Amino acid sequence: MRLELERCGLPNGWELNGDSRLMGQLLLSNEEHALDLRFLKERRRSYPGGVPSAGRNPARIAAWSSRDVPLPTLGASELDTPTERQRTTVLWVWDLGGPLSDEHPAFTQRLVHTTSPGVYGRAVPCDLSLDLLPAGGIFDRLEFAGGDTDTDFFHVELDETAEDGD
């Protein structure tokens, strides 16, 4: 992924960071928004919810523990400068969407903002999980996929009314 991002280039304001020799060290950073995207493999089989816990690494624990750090576009003051704001880490997690034996294996991706480092065997608490669709959009699946039966949510039957005097 790092090689592909280096080949294609990143949008203005974004840069590649992390140690390319270490697993899980692909970071995309934006100084203007004090935001880091950390590219990680999801593990739905071993972690409920798929997001890996931070483990024992102090830097990962700090990055995962953002309970009191607002997302840059969801509460940061207009007057704040990036040096005054704490950095926010958003996990960019991916997983296989089917078997590798397929001619063109599918991948799923999502952005996740965690609020604590989590504990192995339990879901990592998060306050944002945004699926990224294959074409890069996020709005293609915004529809209510209800059942075939119609439900009247406004039909109300009252046992007693105010006119009954009871």
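Residues numbered from 1 in each chain as written. Predicted model: local features only at pLDDT ≥ 70, side-chain atom pairs only at ≥ 80, totals over all residues. Heavy atoms only, no water.

Q: Got a minute to help me understand the sheet that holds strand E5 (residues 107-114) in this structure?
A: Sheet strands pair via backbone hydrogen bonds, and the direction of the pair is either parallel or antiparallel. What the six strands build is an open sheet, ordered E1-E2-E3-E4-E5-E6; its pairing is mixed. Edge positions in the sheet fall to strand E1 (14-17) and strand E6 (126-132), since each has one partner strand and no second. The sheet shows a mean angle of 25 degrees between the axes of neighbouring strands, taken without regard to direction. (Pairing = 2+ DSSP bridges. Helix = DSSP H or I, 4+ residues; strand = E, 2+ residues; numbered from the N terminus. Axes fitted to C-alpha atoms, helices over the stretch in contact; angles between N-to-C directions.)

Q: Explanation requested: the packing of aromatic side chains in the structure shown.
A: Each aromatic ring pair is characterised by the separation of its centres together with the angle its planes make. In this structure the tally under the stated criterion is three aromatic pairs. On the numbers, 4.8 Å between centres and 75 degrees between planes, the contact of Phe39 with Trp92 is edge-to-face. With Phe39 in strand E3 (residues 35-41) and Trp92 in strand E4 (residues 88-96), this residue pair connects regions lying 53 residues apart in the sequence. Like Trp92, Phe39 is buried. Three or more aromatic residues link up through ring pairs in this structure, and these residues are Phe39, Trp92, Trp94 and Phe107. Above the face of the Trp94 ring, Lys41 is positioned so that its terminal group lies 5.2 Å from the ring centre. (Phe/Tyr/Trp six-rings, centres within 6.5 Å; stacked < 30°, edge-to-face > 60°. Buried < 20%, exposed > 50% of the residue type's maximum accessible area, 1.4 Å probe, protein only. Lys NZ or Arg CZ within 6 Å of the ring centre and 35° of its normal.)

Q: Looking at this structure, I do not really get the pattern of salt bridges. What am I missing?
A: Any two side chains of opposite charge can pair, on the condition that their charged atoms come close. Taken as a whole and assessed by the stated rule, the structure comprises six salt bridges. Residue Asp36 is joined to Arg87 by a salt bridge in which the shortest nitrogen-to-oxygen separation is 2.8 Å. On the criterion of sequence distance, the pair formed by Asp36 in strand E3 and Arg87 in the loop between helix H2 (58-64) and E4 is long-range, its members being 51 residues apart. Accessibility expressed as a relative area gives 35% for Arg87, which makes it partly exposed. Ionic pairing is found between Asp95 and Lys41, a salt bridge with its closest N-O pair at 2.6 Å. Of this pair, Asp95 sits in strand E4 while Lys41 sits in strand E3, placing them 54 residues apart in sequence. Since its relative accessible area comes to 11%, Asp95 is described here as buried. (Salt bridge = Lys/Arg side-chain N within 4 Å of Asp/Glu carboxyl O.)

Q: Quick question: what am I supposed to make of the pairing of strand E2 (residues 26-30) here?
A: Residues in a regular strand project their side chains so that they alternate between the two faces of the sheet. For E2, a buried count of five out of five residues is recorded, marking the element as mostly surrounded by other parts of the structure. Here E2 shows a buried face lined by Leu26, Leu28 and Asn30 and a second buried face lined by Leu27 and Ser29. In this structure, E1 lies alongside E2, joined through four bridges in antiparallel fashion. Directly across from Leu16, in E2, lies its bridge partner Leu28. Across five bridges, E2 lies against E3 in antiparallel orientation.

Q: Sorry if this is basic, but what is going on with the side chain of Asn30 here?
A: Along the chain, the position of Asn30 falls in strand E2. The class of Asn30 is buried, set by a relative accessible area of 4%. In terms of polar contacts, Asn30 uses its side chain to reach the backbone amide nitrogen of Glu32, at 3.0 Å. Side-chain polar atoms of Asn30 contact the backbone nitrogen of His33, separated by 3.0 Å. Once residues within four sequence positions are removed from consideration, Asn30 is found in contact with Gly13, Trp14, Leu35 and Arg87. (Polar contact = N/O pair within 3.5 Å; in protein donor to acceptor, adjacent residues only side chain to side chain. Contact = heavy atoms within 4.5 Å.)

Q: So what exactly am I meant to see when it comes to the layout of surface pockets here?
A: The rolling of a water-molecule-sized probe over the atoms marks out the regions of remaining empty space. Quantified by volume, the second largest pocket comes out at close to 280 Å³. Lining the second largest pocket, in full, are Leu10, Pro11, Trp14, Leu28, Leu35, Leu37, Val90, Trp92, Leu111, Leu128 and Leu130. (1 Å grid on protein atoms, 1.4 Å probe; cavity = no way out; pocket = protein on both sides within 12 Å on 5 of 7 lines; lining within 4 Å. Points joined across faces, edges and corners; volume = space filled by probe spheres on them.)

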